[in-house]
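# Geometric and topological summary
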Amino acid sequence: MSEQTILNIAGVNKRFGGLQALSDVNIKISRGQIYGLIGPNGAGKTTFFNVITGLYQPDTGTFELAGKPYSPSAPHEVAKAGIARTFQNIRLFGEMSAVENVMVGRHVRTHQGVLGAVLHHKAAREEEAAIRRRAMELLDFVGIAQFANRTSRHLSYGDQRRLEIARALATEPKLLALDEPAAGMNATEKLALRELLVKIKAEGKTILLIEHDVKLVMGLCDRLTVLEYGKPIAEGVPAEVQKNPAVIEAYLGGAH
Amino acid sequence: MDTFIQQIINGLVLGSMYALVALGYTMVYGVLNLINFAHGDVLMVGAMVGVTILQILQSIAPELPGIVKLGIAILGAIPVCVIVNVIIERVAYRRLRNAPRLAPLITAIGVSILLQTFAMMIWGRSPIPFPQVMPTESFNIMGALISQTQVMLLILATIAMVGLVLLVEKTRMGRAMRATAENPRVAGLMGVDSNRVIVMTFAIGATLAAVAGVMWGANYSSAQFAMGFVPGLKAFSAAVLGGIGNIYGAMVGGVLLGLIESLGAGYIGDLTGGFLGSHYQDIFAFVVLIIVLTLRPSGIMGERVADRA
Amino acid sequence: MSTLFDVKNNPRKAYISFAILGIALFAFPFIASNFGNSWVRIMDLALLYIMLALGLNIVVGMAGLLDLGYIAFYALGAYMTGLLASPQFAAVLESFVNQYPMIADGLRAIVGEDAARDGIHLSVWLIVPLGALLAAFFGALLGAPTLKLRGDYLAIVTLGFGEIIRIFMNNLNAPVNITNGPQGINLIDPVRIFGVSLAGEPGSNATVQLGSFSIPSVNAYYFLFLFLCAVIIFVSVRLQHSRLGRAFVAIREDEIAAKAMGINTRNVKLLAFGLGASFGGVSGAMFASFQGFVSPESFSLMESIAVLAMVVLGGIGHIPGVVLGGLILAALPEVLRHVVEPLQRNLFGTVLIDAEVLRQLLYGLAMVVIMLYRPEGLWPSPKHEDRVDANAKKRHDEKEPAALAA
């Protein structure tokens, strides 16, 4: 059973001074799922992301990735354990080219250091070549191979998002965590993004997705958790969640 | 015991000057998120202009009381320092308001060098002695000596700080400054002209630095083109100690650093068994800075300084 | 302009450029010698500064960490050489004898009687790596407290460290004499390669005999420094195109994203500090041997700022640019001194702006003007392929599915 559960997070609480940002949040994601985390603005979705990827320290919570407990103490450890994320406001390495960005993604699975850099011996050369090869493959996979040598901050918005995803994929994650990948996209771009995510899922990857676009989420995700004011108010397949009165109230009605 | 009192007095005097300069750093940091590296050199400009004025006064009106002469020197130094600081903001910093953080810092360093170079060209390289204008009898407080220059310094510093607090808390411009420091965009939406506020901030900082500069020169009886850099750094450390961006913090930090330095220099010989002597005095400010930034970056009274994700 | 040396895309042009450069560099001292020693001497010092600039480039240019105390590593390398390649150690030992006799005995046992009398005189083959290691160690040590600090604070703290080191150098002459205080250490051994002293034998008027050849001492040092510079350039270039180099730039561009991609930013930053510092240490060691003496004056904040100005002027992060910046800011003031001062004397009868002032003026202007008008430096790295291609217009998401149009 535990091999099938990629991410098992339970009992996460996080308080910032007077604000309880997360209250007892649980998430369980099975292998190969696209799992959605939705909720109104300020519900704590990105905070949750930041907690599980080590940017914030939780007050309480248990964290398990592919059956093994992991400690979200430092972001680079989390990346090494196998969670790769993208950011709500795209965080690329602006001055680097697209392919170089993705090559950085390979950092965590490679190991040449100072000596390798300076001596440039066979093992180092081979590793470099492998890194570059894989990076080009990933650029091709997400559809921007023709921009490999372009300075990444000059790419179009949609292409930058794709690049960020390619870079995350380069870390060979067990879980790909995407923070509002469709933000700021028009309908055409969203469709293309949807196709990409389906393609990633088809490769066997597991995806955790924060999204605002309800239509995109409903059509794409296998299961959802809905957060409101840091508390989970619903969990289940999209069809159920859609009909949940608490969810409807959180999005549409109520004192908001 | 009288050594202790003496160190306390020295520390208060030193600390008041640090406080005046620290205020300039902290205010600029509050509105621009920039460390005005050249601020210490504005102090130097104040001292140089001050000594020049004093030399002139000594030759044309030697019978004026010392206080008046120093007062005139300060009043003469202030406009020069204000002009210099405002020009610096306009020419060097304004264009870089939205640049990545390294750029304005590097520019500020360059400005600091240029100020020193111009001072070198105008006033030469050697230290210029400050004419002794105040009467030389010192006051005796519990066995420790405090000179009349130092008394004047303390009084002026207090007046300046009180004046600044009144300005910031009670006046419209002060409110505008506080608003801009909190949130420039929203302040702009409320009708606050951020450029004017920034210019005012630089001007006020320069005024305080001018006072500090003239009094520093008077206290140490000399002025030189390179004199601003070390006090500037120490004042910055004081501002950090008190909490960068916080005016009260700058005052508290300044006085506190002065005391730490003075007491430290006095007792370091005893503390280290003679290995380190009082010429290591300058280190204290840096050590304090490093400790504060490592352990409690927000300083004594400041808000959080650390980056958020 | 970097297409001049682009081996990958235009190898023939690159090799020709290298060849021309190599010939020019080799011939320079022989030609310049006809006009006296000073020109080559200027280049010697410029080469040392270029090494410093390249070291600082790793910290500031690649990793984006503004180190304002960099000259401290130059000082460490120089003073280490001063202690390990001169009679100074004998004086150190003597002062220990007076204050801490037990330590003195211990030291004497370690170094032996000869050294106790004449000082330690290690050879250059040991001095250079030791200097690099010592500096690297201190680089990591001084970098450690700054790891969590943001840009401006990091700058000030490193500046503080630089000053602290200088103050120690200036004052460690009592109670025990280690650095000889403000007077500094002199009688430092010149570099000896295979028994040949690069300062020439005494009485030879600073000329080095190589078989039947003789070249001035400054020329000999020129080739040594040129070689070291080439090594450092080589290491820098290799670093830049490696996994580690990418990690440096990633941290510079976006530290949070770098962490999220699995880069241990703490270790990588320490590595940057250490590597950068090691270049400074090597340069400092060479400086000490070249000049024959070291004193705290040579290691002031102005020097740290000068090196920073070189990196900024040339092109932060771009190795040829940094070399150019170093060359300009190190050599130009000296060159101008030879030109400007006599010129002013002829024109005005006196020197209005002397060389020292000129030097500082150049540094200040370099930083301000460049940051305001050309922040990428005089010779920035060539942009990646950024041409707006007509071909590149064809994008994946321009299929215009009919379903959506409705």
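Residues numbered from 1 in each chain as written. Chains lettered and ligands numbered in written order. Predicted model: local features only at pLDDT ≥ 70, side-chain atom pairs only at ≥ 80, totals over all residues.

Attention now moves to the overall build of chain A. Regarding its fold elements, chain A presents 10 helices and 10 strands. Relative to the globule expectation of 18 Å for 256 residues, the C-alpha radius of gyration of chain A, 19 Å, shows essentially globular dimensions. A principal-axis box enclosing the C-alpha atoms of chain A has dimensions of 65 × 40 × 40 Å. Here the contacts in chain A between residues at least 6 apart in sequence split such that 67% fall between residues at least 24 apart. (Helix = DSSP H or I, 4+ residues; strand = E, 2+ residues; numbered from the N terminus. Rg over C-alpha atoms; globule rule 2.2 N^0.38 Å. Contact = placed C-beta atoms within 7 Å.)

Here we come to the overall build of chain C. The helix and strand inventory of chain C stands at 15 helices and four strands. Looking at chain C residue by residue over its 406 residues, the buried ones come to 48%. When contacts within chain C are restricted to residue pairs at least 6 apart in sequence, those whose partners lie at least 24 apart make up 74%. (Buried ≥ 20, exposed ≤ 12 C-beta atoms within 10 Å, placed from the backbone.)

The subject of this paragraph is the interface of chain C and chain A. Each partner contributes to the interface: chain C provides 32 residues, whereas chain A provides 41 residues. Put simply, the parts of the chain that give the side of chain C that touches chain A at least two residues each are helix H8 (217–240), helix H9 (243–253), helix H10 (255–260) and helix H11 (265–291) of chain C. Ranked by residues supplied to the side of chain C that touches chain A, first place goes to H9(C) with eight residues. Looking at the side of chain C that touches chain A residue by residue, the classes come out as 16 nonpolar, six polar and 10 charged. (Nonpolar A, V, L, I, M, F, W, Y, C, P; charged D, E, K, R; others polar.)

A few words now on helix H3 (residues 71–84) of chain C. Here H3(C) contains 14 residues, and its C-alpha end-to-end distance of 20 Å stays within 8% of the 20 Å for a straight helix at 1.5 Å per residue. In terms of burial, H3(C) is a largely internal element, 14 of the 14 residues being buried. (Expected span 1.5 Å × (residues − 1).)

All names here are of chain B. Backbone geometry places Asn 33, a non-glycine residue, at a positive phi of 55°. On the secondary structure map, Asn 33 appears in the loop between helix H1 (2–32) and helix H2 (39–60). Of the residues examined, Asn 33 has 16 C-beta atoms within 10 Å and is grouped as partly exposed.

In this structure, B:Ala19, B:Val21, C:Met51, C:Ala272, C:Val307 and C:Ala309 are the most contacted members of the largest nonpolar core, which totals 309 residues. For this core, the element with the highest residue contribution is helix H2 (residues 38–62) of chain C, accounting for 18 residues. Among residues more than four places away in sequence, those in contact with B:Ala19 are B:Ala157, B:Met161, B:Ala238, B:Ala250, B:Met251, B:Gly254 and B:Val255. (Core = buried A, V, L, I, M, F, W, Y, C linked by C-beta atoms within 7 Å.)

Before going further, it helps to examine the sheet that holds strand S10 (residues 231–236) of chain A. All names here are of chain A. Taken together, the six strands give an open sheet; going across it, the order is S6-S7-S8-S3-S9-S10, and neighbouring strands pair in mixed fashion. Where the open sheet ends on each side, the last strands, each with one partner, are strand S6 (83–85) and S10. Along the sheet, successive strands turn relative to each other by an average axial angle of 20°, direction set aside. As defined by bridge partners, S6 adjoins strand S7 (residues 175–179) across three bridges and the pair is classed as parallel. (Pairing = 2+ DSSP bridges. Axes fitted to C-alpha atoms, helices over the stretch in contact; angles between N-to-C directions.)

Residues and elements named next belong to chain B. For the pair helix H6 (residues 172–182) and helix H8 (residues 194–220), interaxial distance at closest approach is 10 Å and the crossing angle is 105°. In terms of orientation, H6 lies roughly perpendicular with respect to H8. Mapping the contact onto sequence places Met 173, Ala 176, Met 177 and Thr 180 in H6 and Ser 194, Val 197, Met 200 and Thr 201 in H8. Tallied by class, residues from the contact of H6 with H8 come to five nonpolar, three polar and no charged. (Parallel < 35°, antiparallel > 145°, perpendicular 65-115°, else oblique.)

On to the sheet that holds strand S4 (residues 60–65) of chain A, then. Strand pairing within a sheet occurs via backbone hydrogen bonds; the two strands may be parallel or antiparallel. All names here are of chain A. On the basis of which strands lie adjacent, the open sheet formed by four strands has the order S2-S1-S4-S5 and antiparallel pairing. Strands at the two margins of the open sheet, each flanked by one partner only, are strand S2 (19–30) and strand S5 (68–69). Relative to S5, S4 runs antiparallel, the two sharing two bridges. Residue pairing across strands places Glu 64 opposite Pro 69, the latter belonging to S5.

Below, the discussion takes up the confidence of the model for chain C. Residues and elements named next belong to chain C. In this model, chain C carries an average pLDDT of 84, and 91% of its residues clear a pLDDT of 70 or more. Taken as a whole, residues 387–406 scores under 50 in pLDDT and shows 13 contacts with residues more than four places along the chain or in a different chain. At the level of chain-chain contacts, confidence expressed as ipTM amounts to 0.92, with global pTM at 0.88. (pLDDT = per-residue confidence, 0-100.)

Moving on to the packing of helix H3 (residues 66–93) of chain B against H8(B). All names here are of chain B. At their nearest, the axes of H3 and H8 sit 7 Å apart, and the two run at 140° to each other. The angle between the axes of H3 and H8 places the two elements in the oblique class. When you trace H3 past H8, the crossing you get is right-handed. Residues that form the contact of H3 with H8 fall into these classes: 19 nonpolar, four polar and one charged. (Left-handed = near helix turned anticlockwise from the far one by under 90°.)

Time to look at the pairing of strand S3 (residues 207–210) of chain C. Residue and element names in this part refer to chain C. As paired strands, S3 and strand S4 (residues 213–216) are joined by four bridges and run antiparallel to one another. When the bridges of S4 are listed, Val 208 appears paired with Ile 215. Here S3 folds back onto S4 in antiparallel fashion, the turn holding two residues, of which Gly 211 has a positive phi close to 65°.

Take H9(C) next. Burial within H9(C) is extensive, with 10 of its 11 residues counted as buried. When H9(C) is considered as a whole, its buried residues turn out to be C:Arg243, C:Leu244, C:Arg246, C:Ala247, C:Phe248, C:Val249, C:Ala250, C:Ile251, C:Arg252 and C:Glu253. On its buried face, H9(C) sits against helix H3 (98–105) and helix H4 (114–119) of chain A together with H2, H8, H10 and H11 of chain C.

A word on the environment of A:Val99. All names here are of chain A. With respect to the helices, strands and loops of the structure, Val 99 is situated in helix H3. Taking the number of C-beta atoms within 10 Å as the measure of exposure, Val 99 has 23 and is therefore buried. When the C-alpha positions of Val 99 and Ala 79 are compared, they lie 20 Å apart, and in sequence the two are 20 residues distant. Once you skip the residues sitting within four places of it in the chain, Val 99 turns out to touch Ala 135, Met 136, Leu 139, Ala 148 and Asn 149.

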